Amino acid sequence: MDGGLIEDESHNPDPIAELIENYNELNSSVIEELAEEPSPLEFMRYVAKNTPFVVRGAARDWKATKEWNVNFLKDFLKHETVNVAVTPHGNADAPTPHPTPSSPLVFAQPHEEDQPFPVFLDYLTTQSSLPAGGEPIGEVRYAQTQNDNLRHEYLRLFSHCLPSIPFARIALDRDADAINLWIGNQHSTTALHKDNYENIYVQIRGRKHFVLLPPICHPCVNERLLPSAVYSRKTSSPTEAANKEEPASSPEADGSTSSPSYLELKVSEQKVPFPTWDPDRPFKNETEYSCLACPVRASLNPGDMLYLPALWYHKVAQSVDNEGVCVAVNYWYDMDFTGPLYPLSTFVRSVYKKELRGEEEEKEEEKAVNEQDLVDNAEQHQRLT
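Residues numbered from 1 in each chain as written. Predicted model: local features only at pLDDT ≥ 70, side-chain atom pairs only at ≥ 80, totals over all residues. Heavy atoms only, no water.

You'll find the protein entered in an unreviewed UniProt entry as JmjC domain-containing protein, with Podospora pseudopauciseta given as the organism.

Asks: I'd love a proper account of the overall build of the protein, names of residues and values included.
Replies: A count of helices and strands for the protein gives 9 helices and 17 strands. Counting all 385 residues of the protein, 50% fall into the buried class. Residue pairs at least 24 apart in sequence account for 84% of intrachain contacts in the protein once pairs closer than 6 positions are excluded. On the protein, roughly 18,700 Å² of surface is accessible, and the fraction owed to carbon and sulfur atoms is 51%. (Helix = DSSP H or I, 4+ residues; strand = E, 2+ residues; numbered from the N terminus. Buried < 20%, exposed > 50% of the residue type's maximum accessible area, 1.4 Å probe, protein only. Contact = heavy atoms within 4.5 Å. Areas by Shrake-Rupley, 256 points an atom, 1.4 Å probe, with all protein chains shown as cover.)

Asks: So what's going on with the state of the cysteines? Residues and values would help.
Replies: Tallying each qualifying case throughout the model produces 0 disulfides. Cysteine 220 supplies the cysteine sulfur nearest to cysteine 217, a cysteine that is in no disulfide, at a spacing of 4.1 Å. A residue is classified by how much of its surface remains accessible, and cysteine 217, at 1% relative accessible area, is buried. Cysteine 291 takes part in no disulfide bond, and the closest cysteine sulfur to it belongs to cysteine 220, at a distance of 7.9 Å. (Disulfide = S-S within 2.5 Å.)

Asks: So what about helix H1 (residues 15–26)? Which residues, and what values?
Replies: Between its first and last C-alpha atoms H1 spans 16 Å; for 12 residues at 1.5 Å apiece the expected length is 16 Å, and the two agree. Taken together, the buried positions of H1 are Ile16, Ala17 and Ile20. Projection of H1 onto a plane perpendicular to its axis shows the buried side chains occupying an angular sector of 100 degrees, all on one side. Exposed and facing more than 90 degrees away from the buried side of H1 are Pro15, Glu25 and Leu26. Check the buried side of H1 and you find it contacts helix H8 (341–356). (Expected span 1.5 Å × (residues − 1). Arc of directions from axis to C-beta.)

Asks: Which residues make up the sheet that holds strand S1 (residues 32–34), and what values go with them?
Replies: One open sheet holds the 6 strands; their spatial order is S1-S2-S15-S10-S17-S8, and the pairing between them is mixed. Strands with a single pairing partner mark the edges of an open sheet, and in this sheet they are S1 and strand S8 (178–184). Neighbour-to-neighbour, the strand axes of this sheet turn through a mean angle of 20 degrees, independent of strand direction. Bridge count between strand S10 (residues 197–205) and strand S15 (residues 305–308): 4 bridges; the pairing is antiparallel. Bridging from a neighbouring strand, asparagine 199 pairs with leucine 308 of S15. Against the sheet, helix H2 (residues 40–49) makes contact with S1, strand S2 (53–55), S10 and S15, and its axis sits at roughly 45 degrees relative to S15, the strand it touches most. (Pairing = 2+ DSSP bridges. Axes fitted to C-alpha atoms, helices over the stretch in contact; angles between N-to-C directions.)

Asks: Break down the environment of glutamate 286 for me, citing the residues and quoting the values.
Replies: Inspection of the secondary structure assignment puts glutamate 286 in the loop between strand S13 (261–275) and strand S14 (296–300). The residues touching glutamate 286, leaving out its near neighbours within four places in the chain, are Asn222 and Trp277.

Asks: Give a detailed account of the nonpolar core, specifying residues and quantitative values.
Replies: Within the largest apolar cluster, 51 residues are counted, with the highest numbers of intra-cluster contacts made by Trp68, Ile200 and Tyr331. Core analysis: the next-biggest nonpolar cluster, separate from the first, contains 16 residues, Ile20, Leu192, Ile216 and Tyr352 among them. (Core = buried A, V, L, I, M, F, W, Y, C linked by side-chain atoms within 4.5 Å.)

Asks: Let's hear about the environment of histidine 111: which residues, and what values?
Replies: The residue histidine 111 is located in strand S6 (residues 111–116) in this model. Sequence separation between histidine 111 and valine 84 is 27 residues, and the spatial gap between their C-alpha atoms is 8.2 Å. Residues in contact with histidine 111, not counting those within four places in the same chain, are Val84, Ala85, Val86, Tyr231, Ser232, Arg233 and Leu263. One polar contact links histidine 111 to glutamate 113, side chain to side chain, over a distance of 2.8 Å. (Polar contact = N/O pair within 3.5 Å; in protein donor to acceptor, adjacent residues only side chain to side chain.)

Asks: Provide a residue-level description of H8, including the pertinent values.
Replies: Between the first and last C-alpha of H8 there are 23 Å, a value that for 16 residues agrees with the 22 Å anticipated at 1.5 Å per step. Regarding H8, the residues found buried are Ser345, Val348, Arg349, Tyr352 and Lys353. Each buried residue of H8 sits inside an arc of 125 degrees when the element is viewed along its axis, so together they form one side. Set apart from the buried face of H8 by more than 90 degrees, the exposed residues are Leu344, Phe347 and Lys354.

Spelled out as structure tokens, the structure:
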């Protein structure tokens, strides 16, 4: 045997670091921009490579892009009541510090309540017009139900968008499993996470700012088991509300504030595996591999379309338009679990966990991941039926 083909193992290379470095050498960290929508065949090449792209102006001629200003939406949905996610800082479904020392970081889910759509939209625009600062004035409200809401809760608006993205429908041989509408202002953010969907994201108003990481970067994101917690609204006297950790008095459309209330974070015994590293704060909650991550960044203008491949980690911030809102629509197509992508991403997770965690903690985390997969699959089945 040719000795030159035998690798010298004396230096004990780190296989995880080599994997991430090799990926970075072979793949650009600059997102590809297309001037027009790809054909189904061209799209399948991106799906096969698990590589994102942006199509500038792909939805510029949609009725939604042309007509969905604040006055139109308020009048068109003036009799509708919609589900609204409420948080104190725009931190829905995000790792959040908890005031109790025994639980320094929890997975915080929003308080949800129904509000008349015009009241909700007036709140967003009023809050957006207030003087800019580090923290939002009042609680943060976001229409973000991820349950196919454009074909249910916002059905009246559905005909203003495409029923499916043609190149994705033909290439993947299926219609979208869910089509979701997102309405918020600059104070709402989406923490770094991943989804088991091929995602086509369409910007309608305002701008979205994405930070993307490929599935191979699992060792970079410091996924941890976090206690699950949910915000709930509590009413109180002004003095009691002022003393609470999460005050939530809020500006109304006329500039006044609502009745004194606060958002209380209730922690459960359930634990959720979730990334805790933020690419925009690289030296907080980092792992030894975080420095190897090369984030891909993309900003969407009205009419732009993003292909976000399955299992890619993504963090999202947003900017409002001159009316104080940010509106987007996304199409979720269930990923194909056959082929190498899902098994390889699971393998990377397993190798990393075995390297860093003790056996008992590893078993606990594996159980939590499996339970979360069951929940995700049940929610997906519910959408399909």
